[in-house]
Structure formats: structure tokens, C-alpha cells
Amino acid sequence: MDHVLSEPTSSFGNKKCTTHEKVLEYYCPQDTACLCVSCCLFGKHRGHQVERLDEASEKKKQKLRQYLNKLNVQKAEIQTRIQSLHNHKGKIQEKASEKKKNMNKLFMNIKEQLEMAEKKVLSEISRQEMKILSQIDDRIKKMEIEKDELSRKMHDVEEMCRVTDPIRLLQKNQRASLSDKSVEAKEKAAVSDDEMADDLEDVLISSILHRSMKDIVTYVTSELGTHVPDILLDVDTAHTYMGLSEDLRTALRLKENQGRPESPGRFQTYCQVLSRCSFSSGRHYWEVEWNQIGDCGIGMCYPSIERNGYQSAMDHNDKSWCLILSDKKCSALHNSVSLVTDVNPTCPTLGVFLDYEAGRLSFYELCDPIRHLHTFRASFTEPLHVILYVFKGASVNKKMSFMSGGMFKKIGHKLKIEV
């Protein structure tokens, strides 16, 4: 009754040693083999550290249980991640749905404002039309009266021509001369009226339209929380071979040294320049046009970037994030780490978006459809300036724009940078 029993088996052969035809009772961990007594005493396993089958089996089960526990942990982690992804998916769907609703509302408001702008412009055109037509009608009436008066005078003159008495004729002629002076004065007045006639005031119409569009743009940028910066170049940072226009919106790579005074902020090694403004918070967007000739670089950097030496290059330090463009490739660089994007630049217009608090700097190729080039992720610790690099042949135009739900719209003036 104290014996350990097991279920009977119909395949007893797999429990016997194939060499000695004895029951397998031991296990050799060194060779991972089940052994009989003869194997332990006389066979090739002689001298090996062996274990009883039940002990070895229990150890194996313990290892399997430990491995199973690890698998359960891994499975639970994967399940948690799957659930997290499902939750994230749901949040994205909710966010997309809410964003669509907001965009529908935004465009409805834009349409209403456009309709109001249309009414204002058309109303102004109608007002000017009525004013000018009224003036013309008044002039026509005056000239009709003058025409009738002239007809009457012509009749009087014809009557005078038929008078045969010289004294009577001369007396009537004297009165006619006085009347002629009146006619001459009215003719001069008519000429003055003609000079007063004018066409539609296109400048006023354009001003109303421009103001309405400006109000719409202000509304959209306010709703999206995206700032449209007015970027000017800082002459005190420009390389001495870089020419700047008077309005600080155009940069030229020149062959002659401009002889600028020494400045601690001036780039000395590379033909680079910073923007005068900086960004330490908020969301900002602007556009850049490139002539697709030569090389150019656009990006953002801290004001503490080196001004001289190898590390002053916008792609060779940890204080700048940039996109380098050439006729064959487009590369995103930070701290000398280059990531060649899977894009052959074909579109001359690029969009740059900065979300300072989120630590996001993104570049887009504004073709149709818009293509995402690269997004840098970083925890920004200093204000950021726009940084520009131009090489021989490159031409860059910077435009002010605003972004709406991933779609980019151009507005207003531009900052032109060319070589």
C-alpha cells in the first residue's frame, strides 16, 4: 500500500534501455539521457553524476514552471501593450472625429466670413457703380438742358439772319454776343464735369477684400493656435560673404567680402545666418521655397550655437536641428547624425512646423499630396532661432503661411533668400 503506482502502459519498450534491455531508472544531466543500472556501472556513462528519474523529472518540471511563469509574464506584457494600442487607437479615432467636427465648423465659419466678404465687396462695387452712374445721369440731364438752350439760341440766330434792317440786326447781335459768353462758360463747366468723371476705385475694393481676408486668416490662426511669424534676418549673425537686403528678407551669397565689423554673434566659418526673432513657446509655421539648384539648409538652433569652427555648422552640433537639401537627396541632421529621408526632392516648396512645448520640429514637402519628410523630437531648453545655410547656386524664398489640419495655405508677404 506504500508503493508508488503508475498507470499500466502498452508501450513498455520505451521504458527499457535499448542497449542492456533493462528498465530505465536514472538520468544523466551531462548527456541528457535516461539510463539503466548497467549504463551507470559499465557503459559510457560510467563515472557521470546521475540522478533518479523522478528527481530529474521534478527538477525539469520546476524549470518548466519557471519558464512558463516567464512566458506568462511576457504574454501579460504583450496583452497590456495590445490593450494600450487598442486604447490609443480609440483615442486617435475619437480625436480624429473631434478634429473633423472642428474642421467642419471652422470651414463653415470661413464660408460664412467669405460670403460676408463677398457681400461687402459686391456692395461696394454696386455703391460705386450707382454713385458714378448717378453723376453721369446728372451730367446727361444738364447737357440735355444745354442742348435745348443751344437749339433755342440757334433758332434766334437763324431769325437774325433773316432780318433786313441793319439797325435792328446790330442791336440783336449785341444781345447774342452776351448770350455767347454764357454758352462759353457753360461749355467750360461741362469740360470741368468731364474731368470729374472717374472709374471704379479698384484700390478701395482691393482694400476691403484684403481686410476681409486678413480677418479670416487671423480667425483661422487663432482657432488653430498656430502663430505665423514675421521672420527677419539678423545682420549681426550673417557671414561676411552673405549679402542682406535693406528689408532683411533677402540673403545673397557674394564673392566679395562685405567688410562687416566683428561681432561675437557672427558666423565665421560657414555661410549661415540666424533670424532676429526667437521662439520659446507656442506653435509656429512658415514655408520655404528652394530653387532646387546647389545645396541649402534650413532648420532651427539655440542662440548658444558656436560661431566658428567645425561645430558651428548647423549639422555638426547638438544645438541645431536641420534639413539639408541637394539636387539628389534630402537629409535630416542633428549632432552629426544623418538620416537620409526616402524622398528625392521634387517639389520646391517646403513647410516647417515647430511645437515648442511638445518638443516637435517637422519638415514637409508641399507637393500634392503633402509629404512628411522628417520630425525631430527633443526637449528644448533654450529659445530657438531660424537658421539658414546657402551654398553657391542655391536660392531660397521664405513665405509666411498658416496651417490648418495638416493642409497648408499661403498668405501675405514673403521672406526671400537667394544665392
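Residues numbered from 1 in each chain as written. Predicted model: local features only at pLDDT ≥ 70, side-chain atom pairs only at ≥ 80, totals over all residues. Heavy atoms only, no water.

Undergrad: Whenever I open this one, the overall build of the protein confuses me. Can you help?
TA: Looking only at helices and strands, the protein features four helices and 18 strands. By the burial criterion, 33% of the 419 residues in the protein qualify as buried. Here the contacts in the protein between residues at least 6 apart in sequence split such that 60% fall between residues at least 24 apart. Only carbon and sulfur atoms are counted for the fraction: they give 54% of the accessible area of the protein, which is about 27400 Å². (Helix = DSSP H or I, 4+ residues; strand = E, 2+ residues; numbered from the N terminus. Buried < 20%, exposed > 50% of the residue type's maximum accessible area, 1.4 Å probe, protein only. Contact = heavy atoms within 4.5 Å. Areas by Shrake-Rupley, 256 points an atom, 1.4 Å probe, with all protein chains shown as cover.)

Undergrad: Sorry, what's going on with the pattern of salt bridges here?
TA: Two side chains with opposite charge may pair up if their charged atoms get near one another. Within this structure, the stated rule accounts for 11 salt bridges. Arginine 152 serves as the salt-bridge partner of aspartate 156, at 3.5 Å between the closest nitrogen and oxygen. With aspartate 156 and arginine 152 both in helix H2 (residues 53-161) and four residues apart, the pair spans about one turn of that helix. Residue arginine 162 pairs with glutamate 159 through a salt bridge whose shortest N-O separation is 2.4 Å. For glutamate 159, a relative accessible area of 33% gives the class partly exposed. (Salt bridge = Lys/Arg side-chain N within 4 Å of Asp/Glu carboxyl O.)

Undergrad: Sorry if this is basic, but what is going on with the environment of aspartate 368 here?
TA: Within the secondary structure, aspartate 368 is located in the loop between strand E14 (360-365) and strand E15 (371-377). Residue aspartate 368 is classed as exposed on the basis of its relative accessible area, which comes to 79%. Taking the C-alpha atoms as reference, aspartate 368 lies 9.1 Å from cysteine 347; in sequence the two are 21 residues apart.

Undergrad: Help me out: how do you make sense of the side chain of glutamate 287 in this one?
TA: Structurally, glutamate 287 can be placed in strand E8 (residues 283-290). A relative accessible area of 1% places glutamate 287 in the buried class.

Undergrad: I would appreciate a short explanation of the pairing of E8 in the present structure.
TA: The buried fraction of E8 is high, at seven of eight residues. As defined by bridge partners, E8 adjoins strand E13 (residues 349-355) across seven bridges and the pair is classed as antiparallel. Looking at E13, one finds that arginine 283 is bridged to aspartate 355. (Pairing = 2+ DSSP bridges.)

Undergrad: Looking at this model, I keep getting lost on the nonpolar core. Mind explaining?
TA: Formed by 34 residues in total, the largest nonpolar core has its most connected members in Ile298, Met300, Leu323, Leu361, Phe363 and Leu384. Among the elements that line this core, the one with the most residues is strand E16 (residues 384-390), at four residues. Excluding its chain neighbours within four sequence positions, the residues that come into contact with methionine 300 are Phe279, Trp286, Lys319, Ser320, Trp321, Leu354, Leu361, Leu384, His385, Val386 and Ile387. Ile305, Cys322, Leu333 and Tyr389 belong to the second largest nonpolar core, which has 10 residues in total. (Core = buried A, V, L, I, M, F, W, Y, C linked by side-chain atoms within 4.5 Å.)

Undergrad: Looking at this structure, I do not really get the packing of aromatic side chains. What am I missing?
TA: Two descriptors summarise a pair of aromatic rings, namely the distance from one centre to the other and the angle between the planes of the rings. For the structure on display, the rule yields five aromatic pairs. Geometrically, the ring pair formed by tryptophan 321 and phenylalanine 380 is edge-to-face, given 5.2 Å between the ring centres and 85° between the ring planes. Here the residue tryptophan 321 occupies a position in strand E10 (residues 320-325), and phenylalanine 380 occupies one in the loop between E15 and E16, the gap between them amounting to 59 residues. On the basis of relative accessible area, tryptophan 321 is assigned to the buried category, the value being 5%. For arginine 307, the ring lying beneath its charged end belongs to phenylalanine 267, and the centroid distance is 5.2 Å. (Phe/Tyr/Trp six-rings, centres within 6.5 Å; stacked < 30°, edge-to-face > 60°. Lys NZ or Arg CZ within 6 Å of the ring centre and 35° of its normal.)

Undergrad: Explain unusual backbone geometry to me, please; I cannot follow it from the model alone.
TA: In terms of backbone geometry, most residues other than glycine have negative phi values and most peptide bonds are trans. Within the chain, asparagine 335 stands out as a residue other than glycine whose phi angle is a positive 55°. For asparagine 335, the location among the structural elements is in the loop between strand E11 (330-334) and strand E12 (337-340).

Undergrad: What is the right way to read the sheet that holds strand E3 (residues 51-52) from this model?
TA: Sheet strands pair via backbone hydrogen bonds, and the direction of the pair is either parallel or antiparallel. Strands sit in the order E2-E1-E3 across an open sheet of three strands; the sheet is antiparallel. On the outer flanks of this sheet lie strand E2 (33-35) and E3, each paired with one strand and no other. Across two bridges, strand E1 (residues 26-28) lies against E3 in antiparallel orientation. In the sheet register, tyrosine 27 faces E3, and the bridge partner there is glutamate 51.

Undergrad: Help me understand the packing of H2 against helix H4 (residues 202-224) in this model?
TA: Relative placement of two packed helices is described by the angle separating their axes and the distance separating the axes. Remark: H2 packs on H4, axes separated minimally by 9 Å, with the N-to-C direction vectors making an angle of 170°. Between H2 and H4, the angle is such that the two are roughly antiparallel. Seen from above, H2 lies across H4 with right-handed handedness. Per-class residue counts for the contact of H2 with H4 are 16 nonpolar, four polar and five charged. (Axes fitted to C-alpha atoms, helices over the stretch in contact; angles between N-to-C directions. Parallel < 35°, antiparallel > 145°, perpendicular 65-115°, else oblique. Left-handed = near helix turned anticlockwise from the far one by under 90°. Nonpolar A, V, L, I, M, F, W, Y, C, P; charged D, E, K, R; others polar.)

Undergrad: I tried to follow the confidence of the model for the protein on my own but got confused; where do I start?
TA: Per-residue confidence for the protein gives a mean pLDDT of 81; residues scoring 70 or more make up 85%. Considering only residues more than four positions removed or in separate chains, one finds that residues 400-419, a stretch of pLDDT under 50, has 92 contacts. (pLDDT = per-residue confidence, 0-100.)

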